[in-house]
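# Overview (structure and organization)
Here is what each chain is made of, one letter per residue.
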Amino acid sequence: MRRLLALAAALLALRPALATDPYAFFDWDVSYVTAAPLGVKQQVIGINGKFPGPVVNITTNWNVVVNVLNDLDEPLLITWNGIQHRKNCWQDGVLGTNCPIPSGWNWTYEFQVKDQIGSFFYFPSTSLQRAAGGYGGIVVNNRDVIAVPFGRPDGDITILIGDWYNKNHTDLRKMLDKGKDLGMPDGVLINGKGPYRYNDSLVPAGIEYETFNVHPGRTYRIRVHNVGTSTSLNFRIQGHNMLLVETEGSYTTQQNYTNLDVHVGQSYSFLVATDQNASSDYYVVASARQVNESLWRRVTGVAVLRYSNSRGPAAGPLPDPPQDRDDRSFSMNQARSVRWNLSAGAARPNPQGSFRYSSINVTQAYLLRGTAAAPARSGGRRRAALNGLSFAPPETPLRLADAFGVEGVYTLDFPERPPARGGAPRLARSVINGTYRGFMELIFQNNDTRMQSYHMDGYAFFVVGMDYGEWTEDSRGTYNKGDGVARSTIQVYPGAWAAVLVSLDNAGVWNVRSENLDSWYLGQEVYVRVVNPEDAGNKTEMAIPGNALFCGQLHKYQKEQTPHHRMGVSAAAPRSPSVARRLVSAALLLAGSVVLAP
C-alpha cells in the first residue's frame, strides 16, 4: 500500500508532464485457481481469479502501470509478447533483465506502448508457467488522428488458442528435468475452455466450451493468439472467410483465408463478416498441424460462433483442415503470402513501407542453428541449444549486472555460425554483442524434426525469407526485398530455415528465444546486448527503475517485503479496488490522464 501511495504522490507531482500521454492502471492478483478445462480438475494460473486473464485494451503511446501481486508458491515474471519497451528493457519480464517477483511479493510494471499498434499477449515467462495459464490478450488501438486501412468493425474479439496438458506445469517440469519428452497434449483450449462436443467419442460430456455471440450483417475484428506450449494450430471458422489485416503490430496486405496456421507465440487479426444464414451455429476450430493429424485428432479445440438469430446448435463434421500430407510446402507458401501493407500507416501517419529495409547494409549476421534436446556435455541432463550453446540464466540478470559493474556474469563470444561438428550441447551464458544502430541479419536453421517458433523481444523484425534445406550464402538471392512483414515471432519448419532483418535502434538487453516452452526451458535462447557507447543522461536507454528487484550477487541491495499472500482467502475472486488504488486513480484523473479498470 505504501508503494501505491508513493506512486499516487509522484503522479500528482508530475501532473503537467502526463497530460499528453494517458495512463492505464491495472491491479493484478496472480494466483492458482482450480479448473477442469478438459474435464480433469487441476491447478491453473489465474489473474484476479479469472482464467485466462483480462484483455489489456490500450492505445498507442499510452503508459501502462500493472501492479502484480505474486500469489503463487514460486517466483513469477510477466512478459509482454511483442511490446517493444522502447529504451526500457527493465520492464521486459524475462530472467536476463529482471529478478523474478518472490512468492507473496508485489511488483509494479510501468511502460509505454510507444509508436505501436496491433495484437499482442502477455504471459508468465519462467518455470514453464505459461503451460498453466496466466496469459491474456493485449489490444493496442490506433490514435483517432491516424487512419486505419479498413472500416471500423462492429466488435473486437480476442481468441486465445493453445495446446493443453492435464498435468500441472510443475509435473511437466519434472518430466523435462528427468530427460523425458512432454508427449502429445491432451487437447486444445479456446479462451481457457475445452472443445464443444462435436464428436461423442472424442469429447466427453460436461466440457465447458466457448461461445462467440455475434449479430448478422456485421463485421468483427477477431484477434487470434497461439499461447500454447509447443503445437502449431490451424485456425478456421466454418463457412466464413477471414480477411487478414494485421499481425503483431503490422498491417498486412488484405487477403481472404479460409484457414490459417498460427504457430506458437504468433498473433493475427482478421475481419470476419457475419454474412451467412443462421440455420445453425458455426464451428470455430483450432486443430494440431505439422503432426500426424490422424493420431492427434483429439488435440483439437472447438468453440461456437452463434448468430443472435441462430435456429439451432452446430452439428455434423468439423470443417476440414488443409489437405497437405504429401505437400509440405502448403503451410510455408501460406506463410510467405503474409505481406506488409506498404501503403498503410500504423502508429504514425507515414506509410509502413517508407522504411526501405532492403537499402540498408547488414552490419552483423548470425546463423542460429536450433537442435533437439540432447544430453549436455556436463551433468548429462538433456538440453536444447542454439549453435551448440544451451543458455543457463544467471542468478544476477545480465542488464542488472551491467548497471552495477558485476563481472563474470556472461561473455560476449556467441558464435556467428554453428560449430562445424555437432556434438553435445554446452552450458553457457554467451551473449550476442549487438551494434547500436546497426542492422542485423538473423537466420534461424531448424535441424529438429518438429516445428519451432522464434521470438525476439524489444523489436519487430522483417521476415525476408524461408525455405526447406540448409541455408547458404546463395539463399540471400531468394529474399523478399520489398514487402516482408514486420513482426516479432517467426515459424521455422522442420529441416528448414527462416531469415529476418532487424534494425538495432532499441538499447537494452533483449531475449531471442524458442517460443516452444519445452525448448525454451531446456536452454534454446540467447540475449542480444545493444548498448549505445555515447549515451549520456539516459537519452537512449532509461535508468534502472526505482522499484527494481535485486537478486544474485546484488541481493544485498534488496529491501525485504512482508509477504502478503491472499491464497485461500480471495484468490478465487476478483478484488475490490483498494484505498491506495483509488488514490492512484484520482491522481491520474487529476493529471488529465485515462484510467482503465482491469
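Quantities reported herein were computed from a predicted structural model and do not represent experimental measurements.

As a further point, take the sheet that holds strand β2 (residues 42-47). Judged by pairing direction, the sheet is mixed, and its four strands sit side by side in the order β2-β1-β4-β6 without closing on themselves. Pairing within the sheet leaves two strands with one partner each, and these edge strands are β2 and β6 (106-112). For this sheet the average axis-to-axis angle between neighbouring strands, irrespective of direction, equals 20 degrees. Direction of pairing for strand β1 (residues 23-35) relative to β2: antiparallel, over a ladder of six bridges. What sits directly across from Ser 31, in β2, is Gly 46.

Turning next to the sheet that holds strand β12 (residues 219-226). Pairing in this open sheet of six strands is mixed, and the strands run β10-β9-β12-β17-β14-β15 from one edge to the other. The sheet is open, and its two edges are formed by β10 (187-190) and β15 (250-257), each paired on a single side. Between one strand and the next, the sheet's axes are offset by a mean angle of 25 degrees, whatever the strand orientation. Note that strand β14 (residues 242-247) and strand β17 (residues 267-273) share three bridges and pair antiparallel. The residue bridging Leu 243 from the neighbouring strand is Leu 271, located in β17.

Attention now goes to empty space enclosed by the protein. The probe, sized like a water molecule, is rolled over the atoms to show the empty space still left. With the rule as written, the count across this model stands at three cavities of 30 Å³ or more. For the largest cavity, the calculated volume is near 90 Å³. Along its surface, the largest cavity is lined by Leu 77, Trp 90, Thr 97, Asn 98, Cys 99, Ile 101, Trp 107, Leu 400, Pro 545, Ala 548 and Leu 549. Within the lining of the largest cavity, the residues separate by chemical class into nine nonpolar, two polar and no charged. The space that makes up the second largest cavity amounts to roughly 40 Å³.

This paragraph deals with the pairing of strand β5 (residues 78-81). Along β5, one buried face is formed by Ile 78 and Trp 80 and the opposite face, lined by Thr 79 and Asn 81, is buried too. Two elements, β5 and strand β7 (residues 118-124), share four bridges in a ladder whose sense is antiparallel. Along β7, the bridge assignment pairs Ile 78 with Pro 124.

In terms of nonpolar packing, the biggest core is built from 82 residues, with Ile 159, Ile 161, Phe 235, Phe 270, Phe 444, Met 456 and Ile 490 touching the most fellow members. A per-element tally of this core places strand β30 (residues 496-503) first, with seven residues. With residues near it in sequence (within four places) discarded, Phe 444 still touches Leu 368, Tyr 454, Ile 490, Val 492, Ala 496, Trp 497, Ala 498, Val 500 and Val 512. Among the nonpolar cores identified, the runner-up in size contains 48 residues, and Ile 47, Trp 62, Trp 90 and Phe 120 belong to it.

What follows concerns the packing of aromatic side chains. Enumeration over the complete set of coordinates arrives at 29 aromatic pairs. A ring pair is formed by Tyr 479 and Trp 497, whose centres lie 6.4 Å apart and whose planes are at 50 degrees; its orientation type is tilted. With Tyr 479 in the loop between β27 (461-468) and β28 (486-487) and Trp 497 in strand β30, this pair connects stretches of sequence that are 18 residues apart. Among the aromatic residues, those joined into a ring-pair cluster are Phe 26, Trp 28, Trp 80, Trp 107, Tyr 109, Phe 111 and Tyr 122.

Taken over all residues, the pLDDT of the protein has a mean of 91, while the share at 70 or more is 90%. This stretch, residues 567-598, has a pLDDT under 50; its non-local contacts, to residues over four places away or in other chains, come to 77 contacts.

Before going further, it helps to spend a moment on helix α3 (residues 169-177). Along α3, the positions that sit buried rather than exposed are His 169, Leu 172, Arg 173, Met 175 and Leu 176. The buried residues of α3 all sit within an arc of 160 degrees when viewed along its axis, so they share a single face.

Our focus in this paragraph is the state of the cysteines. According to the stated counting rule, one finds one disulfide in the structure shown. Between the sulfur atoms of Cys 99 and its disulfide mate Cys 551 the distance is 2.1 Å. Across the S-S bond of Cys 99 and Cys 551 the torsion is about -85 degrees, and the bridge reads as left-handed. In this pair, Cys 99 sits in the loop between β5 and β6 while Cys 551 sits in the loop between β32 (525-531) and α7 (579-590), placing the two residues 452 residues apart along the sequence. You can call Cys 99 buried: its relative accessible area is 5%. For Cys 551, a relative accessible area of 15% gives the class buried.

Definitions and cut-offs
- Residues numbered from 1 in each chain as written.
- Predicted model: local features only at pLDDT ≥ 70, side-chain atom pairs only at ≥ 80, totals over all residues.
- Heavy atoms only, no water.
- Pairing = 2+ DSSP bridges.
- Helix = DSSP H or I, 4+ residues; strand = E, 2+ residues; numbered from the N terminus.
- Axes fitted to C-alpha atoms, helices over the stretch in contact; angles between N-to-C directions.
- 1 Å grid on protein atoms, 1.4 Å probe; cavity = no way out; pocket = protein on both sides within 12 Å on 5 of 7 lines; lining within 4 Å.
- Points joined across faces, edges and corners; volume = space filled by probe spheres on them.
- Nonpolar A, V, L, I, M, F, W, Y, C, P; charged D, E, K, R; others polar.
- Buried < 20%, exposed > 50% of the residue type's maximum accessible area, 1.4 Å probe, protein only.
- Core = buried A, V, L, I, M, F, W, Y, C linked by side-chain atoms within 4.5 Å.
- Contact = heavy atoms within 4.5 Å.
- Phe/Tyr/Trp six-rings, centres within 6.5 Å; stacked < 30°, edge-to-face > 60°.
- pLDDT = per-residue confidence, 0-100.
- Arc of directions from axis to C-beta.
- Disulfide = S-S within 2.5 Å.

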